[in-house]
Amino acid sequence: MKFSLFYPVSLGSPTARPLGSGLLGLDGPLYGQAVEELRQQAVLADETGWTSLMMAEHHFEVEGYHVTPNPLLLNVHLAAHTRRLRHGQMGLVLPNWNPLRLAEDIAVADHLTGGRLDIGLSRGYQSRSVGVLGQHVDVSAAGPAESDARNRRVFEEWFEVMQRSWTEDLWSHKGEFIQVPPPGLAWPHPISAGLDAGVADGEVVRIATVPKPVQLPHPPVFTTVTQSAASIDWAAKVGSSIVTLATGDDVIHGIFQHYADEAARHGRTVRPGEYHVDGGVALCRLLAVAETHEEAWESAGQSLAFMGDWLGEFGFFETWRLPGQEGPVPRTLEQLVESGMMLVGTPDEVGEQVQRLRDEFGLEYLVFIACAGSVEHRRMMDTIGLFGSLVLPEFP
């Protein structure tokens, strides 16, 4: 099995400046502390056999809950301090970007990480981020029907442009939202004309993005934290792996079977629960491990400052509603554990919970949300180290 860590990169200090106590995103020294602790945790994950470390793209979070405006920069930084750990995003919000620029940045990062880069892609669920940065294509966050449809069309066209950037030498594109190159772009350079570098009659008619990635045709792609049927269909078509927060056995079985069926329609054989670098499935969960059950439960409880107080306002707990449960879903640790969203306990206890997921779903990939900044650094180190050294070897 593969096991990855997914970081929001929060700037809280549970014992000094807890999340929610101020505009912590403005605190430069606190950000420096968060990056240093992240480095230490990445090194420990590398040493204890974890598969990868991922981060989500978020902007303008002055409150300090997600301070990751460019995960690729942190990917490169952490790769310089690790030997085998892969690095990725969960994910990069495509409507925020120019797709050509992002394709170039990913290719460069793939070189700088020594081919240890994964690509996580997202449509963006926060209006403050996507509404500001997506205004160049009149896109806001995924959600309401009208804006959601446009967001999805931009997302899919941006990926097409990026994929062509990585896999084709000289090419052109004319879509709904971008034309590459634009018409009438003068380039009367004799060297370009002589080398047939996409120039005809003194104008640019094709382009090539350089460099190409180290991993060919491109790094593995993940479509992040979704259970949308449309997103599953798209991911299965293009060979992206889905990562889902879903709980409930029937729901998970349905998502995994849906992906397998849709992949088969496009000529790929993927068993439900299976992961491949060219497309599969993964479950996303929370994790707290300690030498005693009581200590693990205390670590798990600290995650609520992020999961409950912040993410709860975006409707995430609705995904973890229990059968027959009515009214607002409680934003409690008990709700997370009872729904199956959080794995808590000693290494032996958590190992049994992982075994159950593998037996029930044929699962090959687990992604654990790492609430660093909400959870104390020493507790994060315990979870990473104990799981990596004592649980992970039981699941080769």
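Residues numbered from 1 in each chain as written. Predicted model: local features only at pLDDT ≥ 70, side-chain atom pairs only at ≥ 80, totals over all residues. Heavy atoms only, no water.

Concerning the overall build of the chain
Heads up, the rule is: The helix and strand labels rest on DSSP assignments: H or I over at least four residues marks a helix, E over at least two residues marks a strand, and numbering proceeds from the N terminus. Put simply, the radius of gyration uses C-alpha atoms, and a globule should come to 2.2 Å times the residue count raised to 0.38. Exposure classes here rest on a 1.4 Å probe applied to the protein chains alone. A residue is buried below 20% of its type maximum, exposed above 50%, and partly exposed in between. The contact definition used throughout considers only heavy atoms, calling two residues in contact when any of these lie within 4.5 Å. For the accessible areas, the method is Shrake-Rupley and the probe is 1.4 Å, while residue cover comes only from the protein chains on display. Only four residue types enter the tally: Lys and Arg on the positive side, Asp and Glu on the negative side, with His and both chain ends excluded. Charge positions come from single atoms, namely NZ of Lys, CZ of Arg, CG of Asp or CD of Glu.
Along its length, the chain carries 13 helices and 14 strands. Expected size for 396 residues packed as a compact globule is a radius of gyration near 21 Å; at 22 Å, the chain falls within 12% of this value. Taken over the C-alpha atoms alone, the chain extends approximately 75 × 50 × 40 Å along its principal axes. For the chain, the proportion of its 396 residues judged to be buried stands at 55%. For the chain, the proportion of contacts with a sequence separation of at least 24, taken over those separated by at least 6, is 71%. Surface summary for the chain: the accessible area is close to 16,300 Å², and the carbon and sulfur share equals 54%. Once the 28 positive and 50 negative side-chain charges of the chain are each reduced to a mean point, those two points are 5 Å apart.

Examining the packing of aromatic side chains
The criterion, for reference: Aromatic contacts are taken between Phe, Tyr and Trp rings whose centres are within 6.5 Å, Trp giving its six-membered ring; a plane angle under 30 degrees counts as stacked, one over 60 as edge-to-face, and the others as tilted.
Throughout the structure, instances matching the rule amount to 18 aromatic pairs. Ring centres of Phe256 and Phe361 lie 6.3 Å apart, and the angle between their planes is 80 degrees; on these two criteria the pair is classed as edge-to-face. Here Phe256 is found in helix H8 (residues 249-265), whereas its partner Phe361 is found in helix H12 (residues 347-361), with 105 residues between them in sequence. Side by side, Phe256 and Phe361 carry an identical accessibility label, which is buried. Ring pairs connect the aromatic residues Phe3, Trp50, Phe368, Phe387 and Phe395, which therefore count as one cluster.

As for H12
We count it as follows: Helix span, expected: 1.5 Å multiplied by one less than the number of residues in the helix. Within this analysis, the arc is defined by the directions that extend from the helix axis to the C-beta atoms.
Between its terminal C-alpha atoms H12 stretches 21 Å, which fits the 21 Å expected from 15 residues at 1.5 Å a residue. Looking at H12, one finds that the buried residues are Pro347, Val350, Gly351, Val354, Leu357 and Phe361. Projected down its long axis, H12 shows its buried positions confined to an angular sector of 120 degrees, all on one face. For H12, the exposed residues lying more than 90 degrees away from the buried face are Asp348, Glu352 and Asp359. As for H12, its buried residues are in contact with strand E1 (2-7), H8, strand E12 (281-289), strand E13 (342-345), strand E14 (365-369) and helix H13 (377-391). A positive phi of about 65 degrees marks Gly362, the residue just after H12.

Observations concerning the nonpolar core
Rules: What makes a nonpolar core is a set of buried Ala, Val, Leu, Ile, Met, Phe, Trp, Tyr and Cys residues whose side-chain atoms join them at distances within 4.5 Å.
Phe3, Tyr7, Trp50 and Phe387 are the most contacted members of the largest nonpolar core, which totals 122 residues. Per-element tally for this core: the top contributor is E12, with 8 residues.

A short note on the side chain of Glu157
Heads up, the rule is: Any Lys or Arg side-chain nitrogen located within 4 Å of an Asp or Glu carboxyl oxygen qualifies as a salt bridge. Here a polar contact is recorded for every N or O atom pair within 3.5 Å, except that within protein the pair must consist of a potential hydrogen donor and a potential acceptor, and residues adjacent in sequence are included only if both atoms are side-chain atoms.
Looking at the secondary structure, you find Glu157 in helix H5 (residues 145-167). Despite its burial, Glu157 pairs with no opposite charge, the nearest such side chain being Arg153 at 7.4 Å. For Glu157, the side chain forms a polar contact with the side chain of His173, separated by 3.0 Å. In terms of polar contacts, Glu157 uses its side chain to reach the backbone amide nitrogen of Glu176, at 3.1 Å. If we skip the residues at most four places from it in the chain, Glu157 touches His173, Gly175, Glu176, Phe177 and Ile178.

Focus on unusual backbone geometry
For the bond from Met90 to Gly91, the omega torsion is 5 degrees, close enough to zero to count as cis. Mapped onto the fold, Gly91 is located in the loop between strand E3 (86-89) and strand E4 (92-93). One non-glycine residue, Phe60, lies in positive phi territory at about 65 degrees. Following the sequence through the fold, Phe60 ends up in the loop between strand E2 (52-55) and helix H2 (71-79).

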